[in-house]
Amino acid sequence: MTAQANLLSLGRHARIATEVFLKDIGQGLLVVSHNTLALLGLTVVALLATFASQADLRHQLESQTLGWLSARQEARAEASGDVLNTLSDPTAIQRATATNPKELSRPQAAVAQWLARRYKVAPEPVARLVQEAWVVGQKAKVEPTLILAIMAVESGFNPFAQSNVGAQGLMQVMTRVHDDKYEAFGGTHAAFDPVTNLRVGVQVLKECIQRGGSLEDGLKYYVGAANLSDDAGYAGRVLNEHEQLKAVAAGRAPTPRPAAEPQAPMASSAPQQVALLH
């Protein structure tokens with residue numbers, strides 16, 4: 001009986017010792033894990049504080065991450081043959097010269113639709129030009145339909161048009177002569193931005209009208225024919241277009257004036273144009 005009691009006592013003590021041992025290990029692991037989590041939390045807080053206080057470092061990390069993600073996306077797109085995806089530019093819409101005609105007033109929308117049909121151009125870019133002509137015309141005290149008429153006669157609403165004497169853009173401004181007027185828009189390449197060309201062209205037109213003393217004489221200055229016996233019917237064509245646009249804006253059917261007799265080409269107009277517009 002004594003031996004059996006000793007064995008039972010020994011087993012009981014062994015079990016108690018094992019339980020104490022396991023309990024101590026568990027408590028130790030719990031303490032270590034708590035300390036580890038605390039250390040990890042402190043590390044995260046320290047990193048966040050560092051990034052918050054160093055904007056350049058944060059921006060650099062964000063840029064590197066974005067660049068890596070973009071490179072991965074482009075690689076996948078190239079592998080799948082999707083070239084357009086690799087050339088995507090979400091900011092392109094900001095450079096587009098276009099407006100929904102439905103956002104215009106009734107006279108402006110009517111003019112935009114009429115010009116789009118007449119010159120076979122998209123209504124959205126024309127609507128933007130019509131909108132700009134109304135705004136700039138009001139500031140410059142020049143009728144917007146006159147501005148649009150000049151664009152129609154000069155370029156047919158081709159923003160990349162260029163004459164043989166160097167007149168460029170929608171309103172065919174002599175860029176090398178009026179380069180100073182483009183300084184406020186970043187340089188002479190802005191001549192091919194439709195809105196910029198319109199604004200500069202209106203300023204040139206306003207100066208020409210002031211110099212000529214009347215609208216018709218101002219148009220002769222604008223085309224560089226002020227010192228010539230005639231302007232090859234230029235002023236007549238502009239005024240004809242102007243009257244039609246005014247009628248459209250007023251909700252009436254346009255009634256074009258009889259076309260002027262065709263004139264011989266102005267052989268000497270090119271050098272005089274450059275001189276007159278200085």
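Treat the numbers as computed from the prediction; the structure is a model and nothing was measured.

**Q** Pulling in residues and values, what's your account of the overall build of the chain?
**A** Helix and strand counts for the chain come out as eleven helices and two strands. Total accessible area computed for the chain in this model is approximately 17300 Å², and 58% of it derives from carbon and sulfur atoms.

**Q** Tell me what's going on with the packing of helix α6 (residues 123–140) against helix α7 (residues 144–155), and back it up with residues and numbers.
**A** Packing of α6 against α7 brings their axes to within 8 Å, and their N-to-C directions diverge by 130 degrees. Here α6 lies oblique to α7, going by the angle between them. Judged by the twist between their axes, the crossing of α6 over α7 is right-handed. On α7, the residues that touch L129, V130, A133, W134 and G137 of α6 are P144, T145, I147 and L148.

**Q** I'd like a rundown of the nonpolar core, residues and numbers included.
**A** Core analysis: the biggest nonpolar cluster contains 46 residues, and L115, L148, I150, M171, L198 and Y222 have the highest contact counts within it. For this core, the elements supplying multiple residues, two or more each, are α5 (106–119), α6, α7, α8 (194–212), α9 (215–223) and α10 (234–249). Excluding anything up to four places from it in sequence, M171 contacts I147, I150, M151, E154, N197, L198, G201, V202 and Y222.

**Q** So what about the pattern of salt bridges? Which residues, and what values?
**A** Think of it this way: side chains of opposite charge can pair up when their charged atoms draw near. Per the counting criterion, the structure on display carries seven salt bridges. Between R118 and E241 there is a salt bridge whose closest N-O contact spans 3.2 Å. Of the two residues, R118 is situated in helix α5 and E241 in helix α10; the sequence distance between them amounts to 123 residues. The exposure class of R118 is partly exposed, given its relative accessible area of 40%. Of the charged contacts in the structure, one is a salt bridge between K246 and E143, with a shortest N-O distance of 4.0 Å. With a gap of 103 residues between them, K246 in helix α10 and E143 in the loop between α6 and α7 connect regions that are remote in the sequence. Given a relative accessible area of 31%, K246 falls into the partly exposed group. With a relative accessible area of 40%, E143 lands in the partly exposed category.

**Q** Explain the side chain of E241 to me, and be specific about the residues and the numbers.
**A** Overall, the relative accessible area of 4% leaves E241 in the buried class. Separated by 2.7 Å, the side chains of E241 and Y119 make a polar contact. Discounting residues that sit within four places of it in the chain, E241 has contacts with W114, L115, R118, Y119, A149 and A152.

**Q** Just give me the short version of α7, but keep the residues and values in it.
**A** At 3.6 residues per turn, the α-helix brings residues three or four places apart onto the same side. Taking 1.5 Å of rise per residue, the twelve residues of α7 would be expected to cover 16 Å, and the 17 Å separating its terminal C-alpha atoms lies within 8% of that figure. The buried fraction of α7 is high, at ten of twelve residues. Within α7 the residues assigned to the buried category are P144, T145, L146, I147, L148, A149, I150, M151, A152 and S155. Structurally, α7 contributes buried residues whose contacts are with α5, α6, α8, α9 and α10. Once α7 finishes, G156 follows within two positions and takes phi at roughly 60 degrees, a positive value.

**Q** Could you give me a rundown of the packing of α6 against α8, with the residues and numbers involved?
**A** Two quantities define a packed helix pair, namely the angle between the axes and the distance from one axis to the other. At a minimum axis separation of 10 Å, α6 and α8 run at an interaxial angle of 35 degrees. Crossing geometry of α6 relative to α8 is assigned as right-handed. For the pair α6 and α8, the contacting residues are R128, L129, E132, A133, V136 and A140 in the first and P194, V195, L198, R199, V202 and K206 in the second. Taken together, the residues that form the contact of α6 with α8 break down as eight nonpolar, no polar and four charged.

**Q** Give me the lowdown on the side chain of T99, citing residues and values where you can.
**A** Position of T99 among the secondary structure elements: in the loop between α4 (92–95) and α5. At 3.5 Å, the side chain of T99 and the side chain of Q131 are in polar contact. Setting aside residues no more than four positions away along its own chain, T99 makes contact with L104, P123, E124, A127, R128 and Q131.

**Q** Can you break down the environment of L198 residue by residue, with the values?
**A** By the secondary structure assignment, L198 is in helix α8. As for L198 and L148, which are separated by 50 residues in sequence, their C-alpha atoms are 9.1 Å apart. If we ignore the near neighbours within four places in the chain, the residues touching L198 are L129, E132, A133, V136, I147, M151 and M171.

**Q** Account for unusual backbone geometry, with residues named and values stated.
**A** Phi is positive for K120, close to 55 degrees, though the residue is something other than glycine. Mapped onto the elements of the fold, K120 is located in the loop between α5 and α6. The phi dihedral of A232 is positive, around 60 degrees, even though this residue is not glycine. With respect to the helices, strands and loops of the structure, A232 is situated in the loop between α9 and α10.

Reading the values: the criteria
Residues numbered from 1 in each chain as written. Predicted model: local features only at pLDDT ≥ 70, side-chain atom pairs only at ≥ 80, totals over all residues. Heavy atoms only, no water. Helix = DSSP H or I, 4+ residues; strand = E, 2+ residues; numbered from the N terminus. Areas by Shrake-Rupley, 256 points an atom, 1.4 Å probe, with all protein chains shown as cover. Axes fitted to C-alpha atoms, helices over the stretch in contact; angles between N-to-C directions. Parallel < 35°, antiparallel > 145°, perpendicular 65-115°, else oblique. Left-handed = near helix turned anticlockwise from the far one by under 90°. Contact = heavy atoms within 4.5 Å. Core = buried A, V, L, I, M, F, W, Y, C linked by side-chain atoms within 4.5 Å. Buried < 20%, exposed > 50% of the residue type's maximum accessible area, 1.4 Å probe, protein only. Salt bridge = Lys/Arg side-chain N within 4 Å of Asp/Glu carboxyl O. Polar contact = N/O pair within 3.5 Å; in protein donor to acceptor, adjacent residues only side chain to side chain. Expected span 1.5 Å × (residues − 1). Nonpolar A, V, L, I, M, F, W, Y, C, P; charged D, E, K, R; others polar.

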